[in-house]
Amino acid sequence: MSYRHVSVMPNEVISMLNCRPGKIYVDGTLGGAGHAALILEKSKPDGRLIGIDQDEDAIRNAVRVLDHEKQRVHLFHDNYFHLKDILSQLTIDAVDGILLDLGLSLNQLENSGRGFSFMRDEPLDMRMNTQSEVTAEDIINRYEEKSLASLFWEKGEERWSRPIAKKIVAARKQDRIRTSKQLADIICEVVPFEKRPGKKRIHPATKVFMALRIQVNQELEVLEGFLETAVDLLNPGGRLCILSFHSLEDRIVKQAFRRLDKGCTCPSDFPHCVCGKEKTVNVLTRKVRKPSEVETIENPMSRSTKLRAVEKI
Ligand SMILES: C[S@@+](CC[C@H](N)C(=O)[O-])C[C@H]1O[C@@H](n2cnc3c(N)ncnc32)[C@H](O)[C@@H]1O
């Protein structure tokens, strides 16, 4: 089966990465390898690409679609969090651009059979990396009611978090919750179909499914940890570009970029700096970039995308 994904903001991403021949780029979230293929095209004839994805399906697809450029490509089935180790395996100290296009591919949502979508009846798995240990089924059937409610609130911003958690705990006493449909049906019994004037109705299970997926894959922790050292892996003038899809991710990226751009974190009334932190980047997206209206109509999955980028000094 072919791998389904439509790359978001392709032109903006490629121009923001400033792809040039002879340079080295990292795509930390290969997905359907659409951005990766563009990076290779723009850095012809000798630019190199290091492609990473924690989902083996994405790597299998990338091997196939990037085959014509395989001399310039290094692929890793891994977490982008391990980029430093990956670079040292390749004896590369630093690269000229890093791209993260966070979240799920259309393929994971529609074809993986891992329960990412509340529209399907599939095992409640939600692991991007099927070698990792904890599944969504484990979380739903094991977490205490209070922990479930906190998860749905903190990682899904679900305001019905407590009644949903209560219902889940009651339901699992009757029977283990094993599938995405079982869970979606339980949520639908609690949450009314939201009607917001002027806005599209969202499915009642949207936020809980998002929170679960984020938790299973430790998405926020991985992103935060990576941003602490990512700039060290860039050459001067190198760029870090991040596409995010929800406010929690975007907040992490925005705050990290602001800290790196500012350097010193001492209180403003200190006579001189004692923290020793220095400005290491210039923010290239003072105003966050979003997809055009045309793109959001052609590819509705792109509608909440935000692109932010920095350049290492
Ligand atoms: C939105 S898709 C990327 C699409 C891609 N840019 C394209 O043009 O086709 C996100 C991909 O990132 C992968 N991913 C998410 N978090 C990851 C992580 N921490 N490390 C490695 N891959 C990750 C997912 O498995 C998924 O394949």
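Residues numbered from 1 in each chain as written. Predicted model: local features only at pLDDT ≥ 70, side-chain atom pairs only at ≥ 80, totals over all residues.

Caption draft 1: Representation of the overall build of the protein. Along the protein, the regular secondary structure elements total 13 helices and seven strands. Taking 313 residues into account, the globule formula puts the C-alpha radius of gyration at 20 Å, and the protein, at 21 Å, falls close to it. Principal-axis analysis of the C-alpha atoms places the extent of the protein at approximately 60 × 60 × 40 Å. Across the protein, the fraction of contacts at a sequence separation of at least 24, relative to all contacts at a separation of at least 6, is 67%. (Helix = DSSP H or I, 4+ residues; strand = E, 2+ residues; numbered from the N terminus. Rg over C-alpha atoms; globule rule 2.2 N^0.38 Å. Contact = placed C-beta atoms within 7 Å.)

Caption draft 2: Summary view of the sheet that holds strand β6 (residues 281-283). Read across the open sheet, the seven strands follow the order β3-β2-β1-β4-β5-β7-β6; overall the sheet is mixed. In this open sheet, the two edge strands, each paired with only one partner strand, are β3 (73-77) and β6. Strand-to-strand twist of the sheet, defined as the mean angle between neighbouring strand axes without regard to direction, takes the value 15°. Relative to strand β4 (residues 95-101), strand β1 (residues 24-27) is paired through three bridges, and the arrangement is parallel. Paired with Val26 across the two strands is Ile98, which belongs to β4. The sheet contacts of helix α1 (residues 10-17) involve β1, β4, β5 (234-244) and β7 (306-312), and relative to β5 the element is tilted by about 160°. (Pairing = 2+ DSSP bridges. Axes fitted to C-alpha atoms, helices over the stretch in contact; angles between N-to-C directions.)

Caption draft 3: Representation of the pairing of β7. Counting buried residues along β7, six of its seven residues qualify, which places the element largely inside the surrounding structure. Note: β6 against β7, three bridges, orientation antiparallel. When the sheet's bridge partners are listed, Asn282 is paired in β7 with Glu311. (Buried ≥ 20, exposed ≤ 12 C-beta atoms within 10 Å, placed from the backbone.)

Caption draft 4: Structural detail: the packing of α1 against helix α2 (residues 34-42). With their axes 10 Å apart at the nearest point, α1 and α2 run at an angle of 50° to one another. The angle between α1 and α2 places the two elements in the oblique class. Crossing of α1 over α2 shows right-handed handedness. Two secondary-structure elements touch here, α1 through Pro10, Val13, Ile14 and Leu17 and α2 through Gly34, His35, Leu38, Ile39 and Lys42. Here the contact of α1 with α2 is composed, by residue class, of six nonpolar, two polar and one charged. (Parallel < 35°, antiparallel > 145°, perpendicular 65-115°, else oblique. Left-handed = near helix turned anticlockwise from the far one by under 90°. Nonpolar A, V, L, I, M, F, W, Y, C, P; charged D, E, K, R; others polar.)

Caption draft 5: The arrangement of the site of the ligand in detail. The environment of the ligand is made up of 23 residues, and the closest members are Ser7, Thr29, Gly31, Gly32 and Gly34. At the level of elements, α2 and β2 (48-53) are the ones that each hand at least two residues to the shell around the ligand. For the shell around the ligand, the residue count by class is eight nonpolar, 12 polar and three charged. (Near = placed C-beta within 6 Å.)

Caption draft 6: Structural detail: the domain arrangement of the protein. According to the domain assignment, the protein consists of domain 1 (10-107 + 219-312) and domain 2 (133-216). Each of domain 1 and domain 2 has a C-alpha centre, and these two points are 31 Å apart. (Domains from an automatic or database assignment.)

Caption draft 7: Geometry of the pairing of β3. In terms of strand pairing, β2 meets β3 through five bridges, oriented parallel. Within β3, the residue paired with Asp53 across the bridge is His77. Regarding topology, helix α3 (residues 56-65) serves as the crossover connection from β2 to the parallel β3, and that connection is right-handed. (Right-handed = clockwise from strand over helix to strand, strands pointing away.)

Caption draft 8: Here's a closer look at unusual backbone geometry. Here the bond from Lys44 into Pro45 is cis, since omega is 0°, no more than 30 degrees from zero. Relative to the assigned elements, Pro45 resides in the loop between α2 and β2. Here the phi dihedral of Met126 falls at roughly 70°; this positive angle occurs in a residue that is not glycine. Structurally, Met126 can be placed in the loop between α5 (106-111) and α6 (136-142). We classify Met126 as buried; it has 26 C-beta atoms within 10 Å. The phi dihedral of Gln218 is positive, around 50°, even though this residue is not glycine. Position of Gln218 among the secondary structure elements: in the loop between α10 (206-216) and α11 (219-229).

Caption draft 9: Highlighting helix α7 (residues 145-156). The terminal C-alpha atoms of α7 lie 16 Å apart, and with 12 residues this matches the ideal 16 Å at 1.5 Å per residue to within 8%. Along α7, the residues that are buried comprise Leu148, Ala149, Leu151, Phe152, Lys155 and Gly156. Elements that come into contact with the buried residues of α7 comprise α8 (161-174), α10 and α12 (247-262). Directly after α7, the chain includes Glu157, whose backbone phi takes a positive value near 50°. (Expected span 1.5 Å × (residues − 1).)

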